[in-house]
Amino acid sequence: MTLLQVMSADRPDEVRVRTTDRTAIAAELAAHGIHFDSWPALDGAAARPSDELLAAYADRIAELDRAGKYRHVDVARLHPDDSDPQWPVVAAAARAKFRPEHRHAEDEVRFFAAGRGCFYLHIEDAVLAVVCEAGDLLAVPAGTTHWFDMGDRPDFVALRFFEAEDGWVGDFTGATISDGFPSLDELLTAR
């Protein structure tokens, strides 16, 4: 489920907003300069090759990038593989890389073609946890402090938009704020 949960930055148990209403989510995020949109989800997107996904979304990508800002678009994917004894190590390392609070010198734009993940946006005195699922597009402005959680069993396919060729470069704040907030899995099971 696509979900927005807004919490106090100082008291994660103080939930100010919790909604699955897409219109309310878009409005709340827009108030902070964050773009949230929906694109059609493709059947079987998780199994489709990256070049096929990029071709299927070519018109949407071109529309999003009318100004020519995003010079590189790629596909990131991670799927559980219980037949691989290294899978738990790979999954834990991938999850740990993005969980510390950081920011970027360019916008962070992601479209979830399959699966899910959660962006936690630390804005002023609040943390906005945005659970994105297949069909969700999130564009976070450069300089916004945030972190990302892919859950205990990461399973997603996301199109990533970059301005520079070096791709994902995080400027880590050194803050431990992400440790005190509910994980993706906890957000999904909360009432």
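This text gives an overview of the structure that appears in the document. From a predicted model like this one, the values you see are computed outputs, not experimental measurements.

### Comments concerning the overall build of the protein
For the protein, the helix and strand inventory stands at five helices and eleven strands. Radius of gyration (C-alpha) of the protein: 16 Å, near the 16 Å computed for a compact globule of 191 residues. Considered along the principal axes of its C-alpha atoms, the protein spans approximately 45 × 45 × 30 Å. For the protein, the proportion of its 191 residues judged to be buried stands at 45%. The long-range share in the protein, meaning contacts at least 24 apart out of those at least 6 apart in sequence, stands at 76%. Put simply, the protein shows about 9400 Å² of open surface, and 50% of that area lies on carbon and sulfur atoms. Here the protein carries 19 positive and 34 negative side-chain charges, and the mean point of each set is 2 Å from the other.

### Looking at the pairing of strand β8 (residues 136-140)
Residues in a regular strand point their side chains to alternate faces of the sheet. With five of five residues buried, β8 is to be regarded as a mostly interior element. The two faces of β8 match: Asp-136, Leu-138 and Val-140 on one face and Leu-137 and Ala-139 on the other face are all buried. Bridge count for strand β3 (residues 35-38) against β8 is four bridges, and the pairing is antiparallel. Among the inter-strand pairings, Asp-37 is bridged to a residue of β8, identified as Leu-137. With four bridges joining them, strand β6 (residues 108-123) and β8 adopt antiparallel strand pairing. Within β8, the position partnered with Arg-110 by the bridge is Leu-138.

### Quick word on the nonpolar core
Core analysis: the largest hydrophobic core is formed by 28 residues, its most contacted members being Leu-29, Leu-121, Leu-128 and Leu-138. Elements with a minimum of two residues in this core: β1 (3-8), α1 (22-30), β4 (72-78), α4 (87-98), β6, β7 (126-133), β8 and β10 (156-162). Not counting residues within four places of it along the chain, the set of residues in contact with Leu-128 comprises Leu-4, Gln-5, Val-6, Glu-28, Leu-29, His-32, Phe-119, Tyr-120, Leu-121 and Ile-123. Ile-61, Tyr-70, Ala-113 and Ala-139 belong to the second-largest nonpolar core, a separate cluster that totals 16 residues.

### A few points about the pairing of strand β9 (residues 145-149)
By the criterion of burial, β9 is predominantly enclosed, with five of the five residues buried. Both faces of β9 are covered, namely the face carrying Thr-145, Trp-147 and Asp-149 and the face carrying His-146 and Phe-148. Across five bridges, β6 lies against β9 in antiparallel orientation. Note on β9: the bridge partner recorded for His-122 is Thr-145.

### Some words on the pattern of salt bridges
Think of it this way: side chains of opposite charge can pair up when their charged atoms draw near. Applying the stated rule across the entire model yields 16 salt bridges. Between Asp-74 and Arg-160 there is a salt bridge, with the nearest N and O atoms lying 2.7 Å from each other. Of this pair, Asp-74 sits in strand β4 while Arg-160 sits in strand β10; the two residues are 86 residues apart in sequence, bridging distant segments of the chain. One salt-bridge network, held together by shared partners, links Arg-11, Asp-13, Glu-14, Arg-16 and Asp-125.

Rules of the game
- Residues numbered from 1 in each chain as written.
- Predicted model: local features only at pLDDT ≥ 70, side-chain atom pairs only at ≥ 80, totals over all residues.
- Heavy atoms only, no water.
- Helix = DSSP H or I, 4+ residues; strand = E, 2+ residues; numbered from the N terminus.
- Rg over C-alpha atoms; globule rule 2.2 N^0.38 Å.
- Buried < 20%, exposed > 50% of the residue type's maximum accessible area, 1.4 Å probe, protein only.
- Contact = heavy atoms within 4.5 Å.
- Areas by Shrake-Rupley, 256 points an atom, 1.4 Å probe, with all protein chains shown as cover.
- Lys, Arg positive; Asp, Glu negative; His and termini not counted.
- Charge placed at Lys NZ, Arg CZ, Asp CG, Glu CD.
- Pairing = 2+ DSSP bridges.
- Core = buried A, V, L, I, M, F, W, Y, C linked by side-chain atoms within 4.5 Å.
- Salt bridge = Lys/Arg side-chain N within 4 Å of Asp/Glu carboxyl O.

Functional significance is not addressed by these values, which are geometric in nature.
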